[in-house]
Amino acid sequence: MNESEPGSIACHACDLLVEVSSLKTGQSAICPRCGHFLTAKRQDAHSKVLSYSLAALVALLVAISFPFLSFSSGGLESVMTLPQTPRMIWEYGLPAVAIMVAAFIILIPAATLLMLLFLCLPLHFGRWAPWIKTMGRWVFHLQNWAMVEVFIIGVIVSLVKIAKMATVSLGLSFWGYVAFSILFTLAIAALDRYQVWTEIEALETTHG
Amino acid sequence: MVDTHGVTARSRGLASCHACLKLVPVGTHHCPRCGSPMHLREVDSLQRCVALLITACILYIPANLLPIMYTDQLGSTEASTIIGGVVLLIKLGSIPIAAIIFIASVMVPSGKLIAMFYLVWSVRSKSQLSPRQRTLLYRTTEFMGKWSMVDVFVVAILVALVHLGGLLVIRPGYAALSFAGVVIVTMIAAEVFDSRLIWDALEGDSDYSKT
Ligand SMILES: [Zn+2]
């Protein structure tokens, strides 16, 4: 049996062993055999993750608090807020769809952002926290189930579908959600699984 | 970045932790770094993947046959299916949006099912495509998965937005449920499929079912 190889990654897509210990800040590594992304070493990764995540959470608060879209025809008007999107589907008798919609557009992205904060705050300040490993295990899996950018496309398609029926206007929350989706994507992109776990391991060693 | 002479982790007796990427000797039960259960390859990857794909195929039938939403306008109700929605958009002259919905709701889910069945089959058989091409096909499939939710979101948005008393109301249909099911089940199928199995065949050994 071999010892583990400290500076290597086994490509998750093809299992090739790739040595990455010589990677410099600003560089990223791609599997030479299958082209799969392996890792990237970025400058100030934690502070980027922290600032994007905090800003994204603020944008999400705006997105759930104000009118998202409003629709008027023949003197009547209806206004939609973001939380109403799953709630109305629930009231029409499709609770499973309501739960999925709420999870994919609000709950999972919000949970991901909170986990990013709880993961990167201790790493940033070099302090150990008992929840670090739990966050590190879950956050990378959870982020695959966030569908913020898909929802934006959904909004645009909806606008086109009903534009001929009535007057539709975009509310403050729509722009909040657009900002949220951009910041969320940036926060996720700033975090690298391999680098984070290398740091967690180093922190655990110094912590004792 | 140095390719260590085309050596795989498995051939060196190492397994990679799926959660934290740590390399540990094959046979270790839990990752010493993050505590996750360790497996050399996803357990029963192909069987679970096929079971999920069949489930998705079954759900795909009501998703296309049942209405995805109803429009109540001045006392008359109009039901529309996924394909009906695309046809309506073409009639409205919104060709780019019709194309988005057609790609997201028709081409991506069916293409994804076909691609995943092919990938599972190719692990055990001789394939025309190289492992690298198949890995690319897999990653594209994995990436495209969630974009099919667009149509479900559109229904959720329209239902929440359009309720003008007796004048105009949009209600969801059961196709929204089965279609959301198709998307989720195929996403899980893609997660369960272990693309390293494609490459294991190069080393001419079928030991991959062991943990
Ligand atoms: Zn690879």
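So, how was this worked out
- Residues numbered from 1 in each chain as written.
- Chains lettered and ligands numbered in written order.
- Predicted model: local features only at pLDDT ≥ 70, side-chain atom pairs only at ≥ 80, totals over all residues.
- Heavy atoms only, no water.
- Pairing = 2+ DSSP bridges.
- Helix = DSSP H or I, 4+ residues; strand = E, 2+ residues; numbered from the N terminus.
- Axes fitted to C-alpha atoms, helices over the stretch in contact; angles between N-to-C directions.
- Domains from an automatic or database assignment.
- Contact = heavy atoms within 4.5 Å.
- Buried area = accessible area lost by both parts, 1.4 Å probe.
- Salt bridge = Lys/Arg side-chain N within 4 Å of Asp/Glu carboxyl O.
- Polar contact = N/O pair within 3.5 Å; in protein donor to acceptor, adjacent residues only side chain to side chain.
- Left-handed = near helix turned anticlockwise from the far one by under 90°.
- Nonpolar A, V, L, I, M, F, W, Y, C, P; charged D, E, K, R; others polar.
- 1 Å grid on protein atoms, 1.4 Å probe; cavity = no way out; pocket = protein on both sides within 12 Å on 5 of 7 lines; lining within 4 Å.
- Points joined across faces, edges and corners; volume = space filled by probe spheres on them.
- Donors = N, O, S within 2.8 Å, 3.2 Å for Na, K, Ca; no water.
- Buried < 20%, exposed > 50% of the residue type's maximum accessible area, 1.4 Å probe, protein only.

Trainee: Pulling in residues and values, what's your account of the sheet that holds strand β7 (residues 167-170) of chain A?
Mentor: Each strand in a sheet pairs with its neighbour through backbone hydrogen bonds, running either in the same direction (parallel) or in the opposite one (antiparallel). All names here are of chain A. Spatial ordering of the open sheet is given by β6-β5-β7, a layout of three strands whose pairing is antiparallel. In this open sheet, the two strands that pair with only one neighbour each are β6 (76-81) and β7. Adjacent strand axes in the sheet meet at a mean angle of 15°, parallel and antiparallel pairs treated alike. As paired strands, strand β5 (residues 67-73) and β6 are joined by six bridges and run antiparallel to one another. From the neighbouring strand, Ser70 faces β6, where its bridge partner is Val79.

Trainee: Go over the sheet that holds strand β4 (residues 69-73) of chain B, please, and point to the residues and values.
Mentor: All names here are of chain B. One open sheet accounts for four strands, arranged β5-β4-β7-β6; its pairing is antiparallel. The sheet terminates laterally at β5 (76-80) and β6 (163-164), the two strands that pair on one side only. Pairing geometry for β4 and strand β7 (residues 168-172), over five bridges, is antiparallel. Paired with Gln73 across the bridge in β7 is Leu168.

Trainee: Can you break down the domain arrangement of chain B residue by residue, with the values?
Mentor: All names here are of chain B. On domain assignment, one finds that chain B holds domain 1 (1-40) and domain 2 (41-203). Look at where the C-alpha atoms of domain 1 and domain 2 centre, and you get two points 33 Å apart. Each partner contributes to the interface: domain 1 provides six residues, whereas domain 2 provides five residues. Interface area, domain 1 with domain 2, both sides summed: about 530 Å², of which 37% is carbon and sulfur. Taken as a group, Arg10, His39 and Leu40 account for 79% of the area that domain 1 buries against domain 2, more than any other trio of residues on that side. Across the salt bridge formed by Asp200 and Arg10, the nearest N and O atoms sit 3.9 Å from each other. Taken together, the connections running from domain 1 to domain 2 amount to one residue pair in polar contact (both at pLDDT 80 or more).

Trainee: So what's going on with the packing of helix α3 (residues 95-125) of chain A against helix α4 (residues 132-142) of chain A? Residues and values would help.
Mentor: All names here are of chain A. The interhelical angle for the contact between α3 and α4, taken along N-to-C directions, is 140°, at an axis separation of 9 Å. The two elements α3 and α4 meet at a crossing, and its hand is left-handed. Counted together, Ile108, Ala111, Thr112, Met115, Leu116, Phe118, Leu119 and Pro122 of α3 and Ile132, Met135, Gly136, Trp138, Val139 and Leu142 of α4 form the full contact between these two elements. Grouping the amino acids of the contact of α3 with α4 by side-chain chemistry returns twelve nonpolar, two polar and no charged.

Trainee: Which residues make up empty space enclosed by the protein, and what values go with them?
Mentor: Counting across every chain of the model gives one cavity of 30 Å³ or more. Looking at the largest cavity, its volume works out to about 50 Å³. Lining the largest cavity are Lys161 of chain A together with Ile68, Met69, Ser80, Thr81, Ile82, Gly85, Val86, Ile101, Asp151 and Val155 of chain B. Secondary structure elements with two or more residues in the lining of the largest cavity: α2 (82-91) and α5 (150-161) of chain B. The biggest single contributor to the lining of the largest cavity is α2 of chain B, with three residues. Here the residues of the lining of the largest cavity sort into six nonpolar, three polar and two charged.

Trainee: Any chance you could break down the coordination of the zinc ion for me, citing the residues and the numbers?
Mentor: All names here are of chain A. Protein ligation of the zinc ion involves Cys11 (SG), Cys14 (SG), Cys31 (SG) and Cys34 (SG), the donor distances falling in the range 2.2 to 2.4 Å. Donor residues for the zinc ion sit on one chain with the sequence pattern C-x2-C-x16-C-x2-C. One end of the pair, Cys14, is in the loop between β1 (8-10) and β2 (16-19); the other, Cys31, is in the loop between β3 (28-30) and β4 (37-40), and 17 residues separate them in sequence. Cys31 shares its class with Cys14; the two are buried.

Trainee: Can you tell me about the domain arrangement of chain A, naming the residues and giving the values?
Mentor: Residue and element names in this part refer to chain A. Looking at the assigned domains, one finds that chain A contains domain 1 (1-41) and domain 2 (43-207). Summarising the inter-unit geometry, the C-alpha centres of domain 1 and domain 2 are found 30 Å apart. Between domain 1 and domain 2, the contact holds eleven residues from the first and four residues from the second. In total, domain 1 and domain 2 occlude about 500 Å² of area from one another, counting both sides; carbon and sulfur atoms represent 49% of this.

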